[in-house]
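# Architecture and fold: a report
Okay, here's what each chain looks like letter by letter:
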Amino acid sequence: MKALPKEITTYLVTHALEKRNPAYLFIGRNNVLKEFGGDTAVYGIGGLRRGEAVVDQVPFLEGLLPLRQSSLILPCVQIDTGRRADVHIISDGSRHWVLLLSLVDEEIEHLRLLEKASEHNTLLERHTKILDQYLGKELVKALDEGQIKICESGERRHVSILFADIRDFTSFSEMNAPEVVFATLNHYLDAMIKPLLEESAVVDRIMGDAVMGVFGILTMAVSPPHQAVVAALKILTAVRDMNQQLAKAGKSILEVGIGISTGPVAVGILGSTVRKTFSVVGHHVNLAARLQDQAEPFEILVDENTFKEIVAYQRGFRETDIVLKGLTGQVKAYAYRMQSA
Amino acid sequence: MDSAMQNQRRKKICVIGASAVGKTNIISRFSGGGFNNRYQTTLGAHITRVTVAVGGRLKELVVWDIKGESDFYRISPAYLYGCDGYVLVADGTRSTTCDHALGLRSRLREYLGTLPHILLINKDDLSPVWDVDKEGLAMLRRQIQSVYTVSALSGSGIHDAMDALSREMWGVK
């Protein structure tokens, strides 16, 4: 460093040390404390005794002495409840100086700002995970990348709606402890939701013992009715397999019924200014829910629109006319029944 | 057995991991304190001392709680100087923090060589919503010998894990 006038050096030293509570320890051979001075107390270092081992008096130096390099800087160190300090350790080989300089407010503020940024990152990670859980990773990715846009005021879409419901769950929940009810419910919901996400549905709602999936929001090569029926078959297979395991273990088993309807619905964002949610409304939502009400255990009931578009699966379905609550007249539906065991 | 190692009264350990995985609350539990529900970030490094019983003798751990890593902050290697062992911490509800812990271990090995260390996967109390499943845990255990699932909220698992690390550092079976 080039020589500077004494006045400048004095000013720089004063400026650099102002508000920084300098304190020092001078450590001789064998790590014995030779001398100390400055504001050691503000750093939580007190009762120092010259001529005794320094590490017993200042335990944070454990492992740091003897220093195997000429200097070491430890930024922003806090000892117990003492003031935060930058710790400088300087060595000439056998003797050491430890210099403590407290952090000024601006430095602490800077560190807090950095931390705020990382907290926002963590928050973003958590929110993405929550969105993934509610909407499925594919939808979140598609929304994020702008591949699909959902008009907040609502728009018409041609979709397939699937409702799946656990049968007799009300009586099961009345006969079992709440912990058992929730554990069982989560087990079954897991078996019902995974196939929906695998077939690119948006899981619109989880209503106690029932789930609603919407196919056709995410653009896929396969038609929404095809996706919905494949998901329904996967759900029944997963529940059947799970029931076989539970029955072997002597545990209670439950059954599932499914309804699917296909047609135009209104897709948009519903809610108040403080709480909004993605929503699908329309006749076909109600129709799918009513079909699911009528479905027997391990049965899939689909409407005519759905049936027409699932050519590869039509042979497994039989035609049936049913009367649905809230809808006038008979509705033509098609039923598929899977053996429960 | 190295008797000099066993006679050493005090050792330095560093507790490191990604940001907001619960390092400070784990240390608080380990040192006999409680759980702070309000997240308070660690700036730089915070040093506390904890007395432990190792092989029937009282020893002291100088615990360096080091600010968690993030996209905006990388741990200064200076903090790790002279440490005798380290504790990696991850959050079971954020599997990315386990990947981070593995990455940190690789860097620490380059800087410190092979030292006793453990991996604590925090938030065992939230295990139903963990990102880390059985296969993920098995993969971690293949890479790190001592992996513990712990809860800073309830305190479960923390003392067992720290006792195991202390025994290893002091060479006591």
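Residues numbered from 1 in each chain as written. Chains lettered and ligands numbered in written order. Predicted model: local features only at pLDDT ≥ 70, side-chain atom pairs only at ≥ 80, totals over all residues. Heavy atoms only, no water.

### As for the interface of chain A and chain B
A common way to report how large an interface is uses the accessible area buried once the components associate. The cut-off we apply is this: The contact rule is simple, with two residues in contact once any of their heavy atoms fall within 4.5 Å. Once two parts are put together, the accessible area they lose, assessed with a 1.4 Å probe and summed over both, is termed the buried area. A pair is scored as a salt bridge if a Lys or Arg side-chain nitrogen falls within 4 Å of a carboxyl oxygen belonging to Asp or Glu. Two N or O atoms count as a polar contact when they lie within 3.5 Å, although within protein this holds only if one can serve as hydrogen donor and the other as acceptor, and sequence-adjacent residues are included solely when both atoms are side-chain atoms. Helix and strand assignments follow DSSP, with helices taken as H or I runs no shorter than four residues and strands as E runs no shorter than two, numbered in order from the N terminus. Each residue is assigned to one class: nonpolar for Ala, Val, Leu, Ile, Met, Phe, Trp, Tyr, Cys and Pro, charged for Asp, Glu, Lys and Arg, and polar for all the others, Gly among them. The criterion for strand pairing is that DSSP finds at least two bridges linking the strands in question.
Each side of the interface is counted separately: chain A has 34 residues, and chain B has 35 residues. Counting the surface lost from both chain A and chain B, the interface buries some 2900 Å², and carbon and sulfur atoms represent 53% of this. Of all residues in chain A, the largest losses of buried area upon contact with chain B belong to Glu-62, Glu-115 and Lys-129 of chain A, amounting jointly to 19% of the total for that side. Taken together, the connections running from chain A to chain B amount to 3 salt bridges. One can count 8 residue pairs in polar contact (both at pLDDT 80 or more) joining chain A with chain B. Mapped by element, the contributors of at least two residues to the side of chain A that touches chain B are helix H2 (54–57), strand E3 (71–79) and helix H3 (105–135) of chain A. Broken down by element, the residue count for the side of chain A that touches chain B peaks at 13 residues, all from H3 of chain A. When its residues are assigned to classes, the side of chain A that touches chain B shows 17 nonpolar, 6 polar and 11 charged. Relative to strand E2 (residues 45–54) of chain B, E3 of chain A runs parallel, the two sharing 3 bridges. Among the inter-strand pairings, Ile-79 of chain A is bridged to a residue of E2 of chain B, identified as Ile-47 of chain B.

### Some remarks on the nonpolar core
The condition is simple: Only buried residues count toward a nonpolar core. Its members are Ala, Val, Leu, Ile, Met, Phe, Trp, Tyr and Cys residues joined through side-chain atoms within 4.5 Å. Accessible area is worked out with a 1.4 Å probe on protein chains only. A residue is then buried under 20% of its type maximum, exposed over 50%, and partly exposed in between.
Counting residues in each nonpolar core, the largest one holds 61 residues, and the members touching the most others are Leu-25, Phe-60, Leu-61, Leu-74 and Ile-89 of chain A together with Trp-64 and Tyr-79 of chain B. In this structure, Ile-89 of chain A is in contact with Leu-61, Leu-64, Leu-65, Leu-67, Ser-70, Ser-71, Leu-72, Leu-74, His-96, Trp-97 and Val-98 of chain A, ignoring residues within four places of it in sequence. If you look at the next biggest cluster of nonpolar residues, it comprises 39 residues, including Met-192, Leu-246, Ile-258 and Met-338 of chain A.

### Considerations on the packing of aromatic side chains
Rules: When two rings of Phe, Tyr or Trp (its six-membered ring) have centres within 6.5 Å they constitute a pair, described as stacked for plane angles under 30 degrees, edge-to-face for angles over 60, and tilted for the intermediate range. Here, a charge over a ring means that NZ of Lys or CZ of Arg falls within 6 Å of the ring centre while also lying within 35 degrees of the ring normal.
All told, the structure shown has 6 aromatic pairs over all chains when counted by the stated rule. Judged by centre distance (5.6 Å) and plane angle (45°), the ring pair of Phe-317 of chain A and Tyr-336 of chain A falls under tilted. Residue Phe-317 of chain A is found in the loop between helix H9 (304–308) and strand E12 (318–323), and its partner Tyr-336 of chain A is found in strand E13 (residues 330–337); the two are separated by 19 residues along the sequence. On the basis of relative accessibility, which here comes to 10%, the residue Phe-317 of chain A falls in the buried class. Of the aromatic side chains, those joined through ring pairs into one cluster are Phe-307, Phe-317, Tyr-334 and Tyr-336 of chain A. It is Lys-11 of chain B that lies over the ring of Trp-170 of chain B; its NZ or CZ is 5.5 Å from the centre. When the ring centre of Trp-64 of chain B is taken as reference, the NZ or CZ atom of Lys-12 of chain B above it lies at 4.0 Å.

### Description of the pairing of strand E3 (residues 57–66) of chain B
All names here are of chain B. Here E3 lies mainly inside the structure; 8 of its 10 residues are buried. As paired elements, E2 and E3 share 10 bridges and run antiparallel to each other. Of the residues in E3, the one forming a bridge with Thr-48 is Val-63. What sits between the antiparallel neighbours E2 and E3 is a turn of 2 residues, in which Gly-55 has the positive phi angle 55°.

### Description of the sheet that holds strand E1 (residues 23–27) of chain A
By way of backbone hydrogen bonds, the strands of a sheet pair with one another, either parallel or antiparallel. Keep this limit in mind: Here, axes are lines fitted to C-alpha atoms. For helices the fit covers the stretch in contact, and angles between N-to-C directions go from 0 to 180 degrees.
One open sheet accounts for 11 strands, arranged E2(A)-E1(A)-E5(A)-E4(A)-E3(A)-E2(B)-E3(B)-E1(B)-E4(B)-E5(B)-E6(B); its pairing is mixed. Both outer strands of the open sheet, strand E2 (33–38) of chain A together with strand E6 (147–149) of chain B, are each paired with one neighbouring strand and no more. Taking the axes of each pair of neighbouring strands and ignoring which way they run, one obtains an average angle of 30° across the sheet. In this sheet, strand E5 (residues 117–122) of chain B lies alongside strand E4 (residues 85–91) of chain B in parallel orientation, the contact comprising 6 bridges.

### A closer look at unusual backbone geometry
Residue and element names in this part refer to chain A. With an omega of -10°, the peptide bond running from Leu-65 to Pro-66 counts as cis. Relative to the assigned elements, Pro-66 resides in the loop between H2 and E3. The phi angle at Asn-30 is positive, at roughly 60°, despite the residue not being glycine. Secondary-structure assignment places Asn-30 in the loop between E1 and E2.

### A short note on the pattern of salt bridges
On inspection of all chains with the given rule, the structure shows 20 salt bridges over all chains. Across the pair Arg-10 of chain B and Glu-62 of chain A runs a salt bridge, and its minimum N-O distance is 3.6 Å. Of this pair, Arg-10 of chain B sits in strand E1 (residues 10–17) while Glu-62 of chain A sits in the loop between H2 and E3, placing the two residues on different chains. This pair shows no difference in class: Arg-10 of chain B is buried, exactly as Glu-62 of chain A is.

### Structural notes on the pairing of E2 of chain A
Residues and elements named next belong to chain A. Where E1 meets E2, 5 bridges bridge the pair, whose relative direction is antiparallel. Bridging across to E2, Ala-23 finds its partner in Gly-38. Taking the residues between adjacent antiparallel strands as the criterion, E1 and E2 are bridged by 5 residues, where Asn-30 takes a positive phi near 60°.

### Focus on helix H6 (residues 178–198) of chain A
Residues and elements named next belong to chain A. This is how it is decided: To estimate the expected span of a helix, subtract one from its residue number and multiply by 1.5 Å.
Compared with the 30 Å implied by 1.5 Å per residue over 21 residues, the 30 Å span of H6 between its first and last C-alpha is a close match. Within H6, burial applies to Val-181, Thr-184, Leu-185, Tyr-188, Leu-189, Ala-191, Met-192, Ile-193, Pro-195 and Leu-196. Directly beyond the C-terminal end of H6, a positive phi value near 65° is found at Ser-200.

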